[in-house]
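# Descriptive analysis of the structure
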2 protein chains.
Amino acid sequence: MNKFLQIALEEAKKSLKEGGIPIGSVLVIDDKIVGRGHNKRVQDGSAILHAEMDCLENAGRLSASDYKKATLYSTLSPCFMCSGAALLYKIPKVVIGENKTFQGPEEHLRSSGVEVEVLDDKECYSLMQNFIKTNPELWNEDIGE
Amino acid sequence: MNKFLQIALEEAKKSLKEGGIPIGSVLVIDDKIVGRGHNKRVQDGSAILHAEMDCLENAGRLSASDYKKATLYSTLSPCFMCSGAALLYKIPKVVIGENKTFQGPEEHLRSSGVEVEVLDDKECYSLMQNFIKTNPELWNEDIGE
């Protein structure tokens, strides 16, 4: 598995152990992880801390020139909010573990000039599928359904 | 002035007093404020707490049916991230104090079915203009420039 997706997946599993939604994310600049995070809807009672948002928050206040060299990894296809955060900061590349469970506005990212790579990772997929089977209401809440 | 924009403006002024970026937001459901917030880039060292995000976070975990009745007010036109959050939660209406200082993807919101109202408020505008004159670097950081 891609080494950065592996860390994002570790974050997702950490969230699951905490009783949360198993989605993880890392932000990478110059081949180094500068931020990592996971969904905190359950843990923090948060409406905005999707994995990517938590990751960006944990990376701290970066310069525009840093963001322009960054790649955002997520175990699951980013939603409108998280894709919007990538667009706000002009992050040029997004790498996605899987997009079968949920697909965000990937085409909108691409048409805005963002490189989007989908790795179609089976472990990311099965982690979400198993979670949704037992927690459908939490998952629906997380995507505004 | 619109009574809810007035509260959003109070939030913006609170941020300014705290040394922060003067943008405020409220979330309204059934004519009642269910969340309010302001930009916390400076105060919390946050990369994600734009006013609208802080407001949504302070409103807490709401149901999809609540969001579908909500109106999001902001003193300034919402950026990609905050517009994306509105789309994630299918918030049907966004009311904007002003969009001369900065204009987010309002047309994208409209084409996605969101009602967008721009109030062209002079006080919201002058608050931002005065702030940017003395803090251009903070403002640029906030919009990823």
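Please read all numbers here as calculations on a predicted model, not as lab measurements.

Conventions we followed
Residues numbered from 1 in each chain as written. Chains lettered and ligands numbered in written order. Predicted model: local features only at pLDDT ≥ 70, side-chain atom pairs only at ≥ 80, totals over all residues. Heavy atoms only, no water. UniProt positions renumbered as here; feature names shortened; annotations may be inferred. Helix = DSSP H or I, 4+ residues; strand = E, 2+ residues; numbered from the N terminus. Pairing = 2+ DSSP bridges. Axes fitted to C-alpha atoms, helices over the stretch in contact; angles between N-to-C directions. Contact = heavy atoms within 4.5 Å. Parallel < 35°, antiparallel > 145°, perpendicular 65-115°, else oblique. Left-handed = near helix turned anticlockwise from the far one by under 90°. Buried area = accessible area lost by both parts, 1.4 Å probe. Salt bridge = Lys/Arg side-chain N within 4 Å of Asp/Glu carboxyl O. Polar contact = N/O pair within 3.5 Å; in protein donor to acceptor, adjacent residues only side chain to side chain. Nonpolar A, V, L, I, M, F, W, Y, C, P; charged D, E, K, R; others polar. Core = buried A, V, L, I, M, F, W, Y, C linked by side-chain atoms within 4.5 Å. Buried < 20%, exposed > 50% of the residue type's maximum accessible area, 1.4 Å probe, protein only. Phe/Tyr/Trp six-rings, centres within 6.5 Å; stacked < 30°, edge-to-face > 60°.

UniProt feature "domain: CMP/dCMP-type deaminase" (unreviewed entry): in the numbering of this structure it lies at residues 1-117 of chain A. With 40% helix and 25% strand, residues 1-117 of chain A has end C-alpha atoms that lie 14 Å from one another.

This part takes up the sheet that holds strand E3 (residues 70-76) of chain B. Hydrogen bonding along the main chain pairs the strands of a sheet, whether they run parallel or antiparallel. All names here are of chain B. The strand order across the open sheet formed by five strands is E2-E1-E3-E4-E5, and the pairing between neighbours is mixed. The open sheet has two edge strands, strand E2 (32-38) and strand E5 (115-118), and neither has a second partner. Strand-to-strand twist of the sheet, defined as the mean angle between neighbouring strand axes without regard to direction, takes the value 15°. In this sheet, strand E4 (residues 93-98) lies alongside E3 in parallel orientation, the contact comprising five bridges. Across the sheet, residue Leu-72 finds its bridge partner in E4, namely Val-94. Along the sheet face, helix H3 (residues 51-59) touches strand E1 (24-29), E2 and E3 and points at about 130° away from the line of E2.

Another point: the side chain of Asn-99 of chain A. Secondary-structure assignment places Asn-99 of chain A in the loop between strand E4 (93-98) and helix H6 (106-111). Discounting residues that sit within four places of it in the chain, Asn-99 of chain A has contacts with Ser-77, Glu-106 and Val-118 of chain A.

Residue and element names in this part refer to chain A. Two elements in contact, helix H1 (residues 3-17) and helix H7 (residues 122-134), have axes whose closest approach is 11 Å; the angle formed by their N-to-C orientations is 15°. Considering their axes alone, H1 and H7 lie roughly parallel with respect to each other. Handedness of the crossing formed by H1 with H7: left-handed. Between H1, through Leu-5, Leu-9, Ala-12, Lys-13 and Leu-16, and H7, the contact on the second element is made entirely by Glu-123, Cys-124, Leu-127 and Phe-131.

Time to look at the interface of chain A and chain B. With 32 residues of chain A in contact, the opposing surface of chain B contributes 32 residues. Together chain A and chain B conceal approximately 2800 Å² of surface at their shared face, both sides included; 61% is due to carbon and sulfur atoms. Summed over the three residues of chain A that lose the most area to chain B, namely Ile-48, Arg-61 and Leu-88 of chain A, the buried surface amounts to 25% of that side. For the salt bridge of Lys-90 of chain A with Glu-145 of chain B, the shortest nitrogen-to-oxygen distance reads 3.4 Å. The tally of links between chain A and chain B comes to 17 residue pairs in polar contact (both at pLDDT 80 or more). Listed by contribution, the elements that provide at least two residues to the side of chain A that touches chain B are helix H2 (41-44), helix H3 (51-59), helix H4 (64-67), helix H5 (80-88) and helix H8 (136-142) of chain A. The element that contributes the greatest number of residues to the side of chain A that touches chain B is H5 of chain A, accounting for six residues. By residue class, the composition of the side of chain A that touches chain B is 18 nonpolar, seven polar and seven charged.

As a further point, take the nonpolar core. Judged by nonpolar contacts, the single largest core of 76 residues is most densely connected at Leu-27, Met-81 and Ile-91 of chain A together with Leu-27, Met-81 and Ile-91 of chain B. Among residues more than four places away in sequence, those in contact with Leu-27 of chain B are Lys-32, Ile-33, Val-34, Gly-35, Cys-55, Leu-56, Ala-59, Leu-62, Ala-70, Thr-71, Leu-72 and Ile-91 of chain B.

All names here are of chain A. Counted under the stated rule, the structure contains six aromatic pairs over all chains. Ring centres of Phe-4 and Tyr-73 lie 5.4 Å apart, and the angle between their planes is 50°; this geometry places the pair in the tilted category. Separated by 69 residues along the polypeptide, Phe-4 in helix H1 and Tyr-73 in strand E3 (residues 70-76) bring together distant segments of the chain. By the burial criterion, Phe-4 is buried, and Tyr-73 matches it. With a centroid separation of 4.1 Å and an interplanar angle of 20°, the aromatic rings of Tyr-67 and Tyr-89 are classed as stacked. Here Tyr-89 lies in the loop between H5 and E4 and Tyr-67 lies in helix H4, a separation of 22 residues in the sequence. Residue class for Tyr-67 comes out buried when judged on its relative accessible area of 1%. For Tyr-89, a relative accessible area of 1% gives the class buried.

Attention now moves to the pattern of salt bridges. Residue and element names in this part refer to chain A. A full pass over the atoms with the stated rule returns 30 salt bridges over all chains. The closest approach of N and O atoms between Asp-31 and Lys-3, which form a salt bridge, is 3.2 Å. With Asp-31 in the loop between strand E1 (24-29) and strand E2 (32-38) and Lys-3 in helix H1, this residue pair connects regions lying 28 residues apart in the sequence. The residues Asp-31 and Lys-3 share a single accessibility class, namely exposed. Counted as one network, the salt bridges with shared partners bring together Glu-10, Glu-11, Lys-14 and Arg-36.

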